[in-house]
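# Examining the three-dimensional arrangement
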Amino acid sequence: MCGIVGYIGNLPAKNLLIEGLKRLEYRGYDSAGIAIASSTGFDIERAVGRVSNLEAKLDGDTGFDGTIGIAHTRWATHGGVTEVNCHPHTDNGNKVCLVHNGIIENYAAIKTWLAERGHVFNTETDTEALACLIAELYDGDLEAAVKAALREVTGAYAIAVLCTEEPGVLVCARKGSPLMVGVGSGEYVVASDPSAIVAHTSRAFALDDYNVVRLTQDSIRTSTIHNKAVTPKVMQLELELDQIELGTFDHYMQKEIFEQPHALRNTLRGRVDRDEGRIVLGGLLSCAKELVRARKFVMIGQGTALHAGMIGEYLLEDFAKIPTEVEFASEFRYRNPIVEEGTVVCAVSQSGETADTLAALGEAQDKGALSMGIVNAVGSSIARTTDAGVYLRVGPEIGVASTKAFTGQVTALTMMALFLGRRRFLSVEKCKQMIGDLETIPDKIEQVLQQAQQIKAVTEKYVHRENWLFMGRGFNYPTALEGALKLKEISYIHAEGMPAAEMKHGPIALITDGMPTVFIANRGAQYTKVMANIEEVRARGGHVIAVATEGDTEIESVAEDVLWVPEVAEPLSPLLTVVPLQLMAYYAAVARGHDVDKPRNLAKSVTVE
Ligand code: G6P
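I will try to describe carefully the structure that is included in this document. If you're wondering where the values come from, they're calculated on a predicted model, not measured in any experiment.

Along the chain, the regular secondary structure elements total 20 helices and 26 strands. For 609 residues, the compact-globule estimate of 2.2 N^0.38 gives 25 Å, and the chain sits close to it at 25 Å. Each principal axis of the C-alpha atoms in the chain carries an extent, and together these give about 75 × 55 × 45 Å. Looking at the 609 residues of the chain, the share that counts as buried comes to 61%. For the chain, contacts bridging at least 24 residues in sequence account for 71% of all contacts bridging at least 6.

Encoded structure:
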């Protein structure tokens, strides 16, 4: 999704802003632009495509030597991907210049009102209406004009605004879309996420909804759009620069797949005690009683996070015997869901900023549900608005196709299910056994990763095929969905995931000679059922690629290719079986020549609905 960077200080802003935009590239975008305050107004440049295109255009430009500026990567919503629609946008008089993430929902009405007052619009964007509205309401005080404009706006926004009449002032605000302020000495860096801040300062705070911050080189003032003073909570960013650098890997996705053993050791560290059969999750303690007494859990999320939530359903019902449902946050938020007493709504999210998940959480909270988050990004909106939660601790995830966050989410959900299970029906012996198994997961993932070259070779056999199926049962039905999603996202191959039993109700009609059909066929309660489904595919000429448990000799005689995972207790098996599927998707995308980390049309953090 769109990314914002702003700078005010004593360094030339241009390179710093471009550097920041590059750090935000992973979020997904289709054009980029920059504005630097100058003695006569603004130096503005825009380019369609990569930040490097913008950089190339800037090389030929004069000016752009000021120390205050704003920059933007745009992921088109209103208006096509054109240079004219690129941010920053100004009003007709070039008084106000702004960058914006989110959607101004009532922009059409605002435009009509402004047109009556003589404003002319040059773009198809909703953002231009906001620039003009601020200019129209300006009466010598930019901060006041921004607040007045935002009081008229419905929708979501994170904005950074400059005004020619007040050189030396940068005003930013947020509702719904994330925005952080990095606090340096004599300088401030504003950005959509900490990756664009951490090179300059590790002290930062996140703006809350309806907050406005007015920055000068040596002053900061935060208040709400209704003029209530706010004291920002400055925190220490834990992000290290090397965590967001590629190192020796070709792509962030590859790096993050291979990082999983290390990442999950961090997820588990200090939280599991095998000897005592105890799980220590500090983020659940304040609400432990309500959680233990919960009558129902509802897992919400989108994309990969939803798939993790689906595994969470199986885990919670198995270990804690709490009835659990899973729902797309986007559906939950609008269907007036019934939230009865004793309902816990658990949002699963890597970024903690997904607009639909955040809104669904709000809906659940309004209806009296206890809310919790399974979140990676520390201090993100979901983390800050929930009653309880478990952080993934897998480090920043840059690859758009989520990998280590998925295994982190499943690990966190497993710990949560054991935490609640022990306080409900789970015996200490069973808990000890599960903790013991959980602790072996990082080493076992390492064993799977050692087969990367073999997985690559198998993938390359089928990479020319345009349609794939992924099937699994029980705990590995969501894994099948995740395998299909990964392949779609980055290799643009059409893939469908489903419970293996569902195949006979339609998808079997698709199976033709040589069609790649991936079965998650690890040893588990439904192994023989999966084997029967494999035979049905073989009988119709499909090529079976099986993810199977090491030592299984039976599978070799029925599958065209086998990708092996070590033996593990079935509830934990998705943590292993998903890894070959992640690698398959990665190698398929590389073989097809796609830009793995910048997949077509996708965004890392979907902050608009
Ligand atoms: C986007 C990303 C997915 C992610 C989903 C939910 O679609 O491309 O990788 O699974 O959003 O994101 P979240 O940050 O809430 O986990």
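Still more ground to cover, so stick around.
What follows covers the layout of surface pockets. A volume near 970 Å³ is recorded for the largest pocket. Breaking the lining of the largest pocket down by element, the ones donating at least two residues are strand S14 (235-236) and helix H7 (260-268). The greatest single-element share of the lining of the largest pocket, amounting to three residues, is contributed by H7. Along the lines of polarity and charge, the residues of the lining of the largest pocket split into 17 nonpolar, 13 polar and 14 charged. Of the residues that make up the lining of the largest pocket, three or more belong to each of domain 1 (3-243) and domain 2 (246-446).

Relative to the elements of secondary structure, His 89 occurs in strand S5 (residues 89-90). Apart from residues no more than four positions distant in its own chain, His 89 is found in contact with Arg 46, Val 84, Val 96, Cys 97, Leu 98, Thr 123, Thr 125, Thr 127, Glu 128 and Ala 131.

Grouped together as the largest cluster of nonpolar side chains are 91 residues, with contacts concentrated most on Phe 297, Met 372, Ile 374, Met 416, Leu 420 and Trp 468. Sort the elements by how many residues they give to this core and helix H20 (residues 574-591) lands first, with 12 residues. Residue contributions to this core reach at least three from each of two domains, namely domain 2 (246-446) and domain 3 (451-593). Other than its neighbours up to four places away in sequence, Leu 420 contacts Leu 291, Val 292, Phe 297, Leu 316, Ala 320 and Ile 322. By size, the runner-up hydrophobic cluster in this structure holds 28 residues, among which are Ile 104, Leu 142, Val 169 and Val 212.

The next subject is the site of the ligand. As a matter of local geometry, the ligand sits amid 14 residues, with Ser 349, Gln 350, Ser 351, Thr 354 and Ala 603 nearest to it. Here Ser 349 contributes a side-chain N or O atom positioned 2.6 Å from an oxygen atom of the ligand. Here Ser 351 contributes a side-chain N or O atom positioned 2.6 Å from an oxygen atom of the ligand. Calculation on the ligand without its partners gives an accessible area of 390 Å², and the protein chains cover 90% of this total. Top element by residues in the shell around the ligand is helix H10 (residues 303-320). It accounts for three residues. Of the residues contributing to the shell around the ligand, the split by class is four nonpolar, eight polar and two charged.

Scanning the entire structure with this criterion turns up 32 salt bridges. Glu 439 is the partner of Arg 274 in a salt bridge, and the nearest nitrogen-oxygen pair spans 2.9 Å. Separated by 165 residues along the polypeptide, Arg 274 in the loop between strand S15 (272-273) and strand S16 (278-279) and Glu 439 in helix H15 (residues 428-449) bring together distant segments of the chain. In this structure, the salt-bridge partner of Glu 554 is Arg 523, at a minimum N-O distance of 3.8 Å. Taken together, the residues Glu 554 in helix H19 (residues 553-558) and Arg 523 in the loop between strand S24 (516-521) and helix H18 (527-538) connect sequence positions 31 residues apart. Residue classification places Glu 554 among the partly exposed positions, given a relative accessible area of 41%. A relative accessible area of 37% places Arg 523 in the partly exposed class. The network of salt bridges with shared partners includes Glu 45, Lys 57 and Glu 83.

Turning our eyes to something else, we now look at the packing of aromatic side chains. Tallied over the full model, the rule gives five aromatic pairs. Between Tyr 462 and Trp 468, the aromatic rings sit 6.3 Å apart at their centres with planes inclined by 75 degrees, giving edge-to-face as the arrangement. Directly above the aromatic system of Tyr 527 lies the positively charged group of Arg 523, at a separation of 4.2 Å from the ring centroid.

Turning our attention to the sheet that holds strand S20 (residues 370-375). Here five strands make up an open sheet; going across it, the order is S18-S17-S19-S20-S21 and the pairing parallel. Whereas interior strands pair on both sides, the edge strands pair on one side only; in this sheet they are strand S18 (324-328) and strand S21 (388-391). Adjacent strand axes in the sheet meet at a mean angle of 20 degrees when their direction is disregarded. As judged from the six bridges shared by strand S19 (residues 343-349) and S20, these two strands associate in the parallel manner. Each residue of the ladder has a partner; that of Cys 346, found in S20, is Met 372. Sheet strands in contact with H10 are strand S17 (296-301), S18 and S19, and its direction is about 170 degrees off that of S18. Packing of helix H14 (residues 404-422) onto the sheet brings it into contact with S17, S19, S20 and S21, and relative to S20 it is tilted by some 140 degrees.

Here H7 crosses H15 at 175 degrees, and the two axes come no closer than 8 Å. In terms of axis orientation, H7 runs roughly antiparallel to H15. Residues Gln 260, Pro 261, Leu 264, Arg 265 and Leu 268 of H7 form the contact with H15, whose participating residues are Leu 438, Glu 439, Ile 441, Pro 442, Asp 443, Ile 445, Glu 446 and Leu 449.

Right, let's talk about the state of the cysteines for a bit. By the definition in use, this model includes zero disulfides. Between Cys 2, a free cysteine, and Cys 86, which holds the nearest cysteine sulfur, the sulfur-to-sulfur gap is 10 Å. Residue Cys 2 is classed as buried on the basis of its relative accessible area of 10%. Counting only cysteine sulfurs, Cys 163 is the nearest neighbor of Cys 97, a cysteine outside any disulfide, at a range of 10 Å. The exposure class assigned to Cys 97 is buried, which follows from its relative accessible area of 0%.

Criteria and cut-off values
- Residues numbered from 1 in each chain as written.
- Predicted model: local features only at pLDDT ≥ 70, side-chain atom pairs only at ≥ 80, totals over all residues.
- Heavy atoms only, no water.
- Helix = DSSP H or I, 4+ residues; strand = E, 2+ residues; numbered from the N terminus.
- Rg over C-alpha atoms; globule rule 2.2 N^0.38 Å.
- Buried < 20%, exposed > 50% of the residue type's maximum accessible area, 1.4 Å probe, protein only.
- Contact = heavy atoms within 4.5 Å.
- 1 Å grid on protein atoms, 1.4 Å probe; cavity = no way out; pocket = protein on both sides within 12 Å on 5 of 7 lines; lining within 4 Å.
- Points joined across faces, edges and corners; volume = space filled by probe spheres on them.
- Nonpolar A, V, L, I, M, F, W, Y, C, P; charged D, E, K, R; others polar.
- Domains from an automatic or database assignment.
- Core = buried A, V, L, I, M, F, W, Y, C linked by side-chain atoms within 4.5 Å.
- Near = heavy atom within 4 Å.
- Polar contact = N/O pair within 3.5 Å; in protein donor to acceptor, adjacent residues only side chain to side chain.
- Areas by Shrake-Rupley, 256 points an atom, 1.4 Å probe, with all protein chains shown as cover.
- Salt bridge = Lys/Arg side-chain N within 4 Å of Asp/Glu carboxyl O.
- Phe/Tyr/Trp six-rings, centres within 6.5 Å; stacked < 30°, edge-to-face > 60°.
- Lys NZ or Arg CZ within 6 Å of the ring centre and 35° of its normal.
- Pairing = 2+ DSSP bridges.
- Axes fitted to C-alpha atoms, helices over the stretch in contact; angles between N-to-C directions.
- Parallel < 35°, antiparallel > 145°, perpendicular 65-115°, else oblique.
- Disulfide = S-S within 2.5 Å.

Everything listed here is a matter of coordinates, which is why it stays silent on function.
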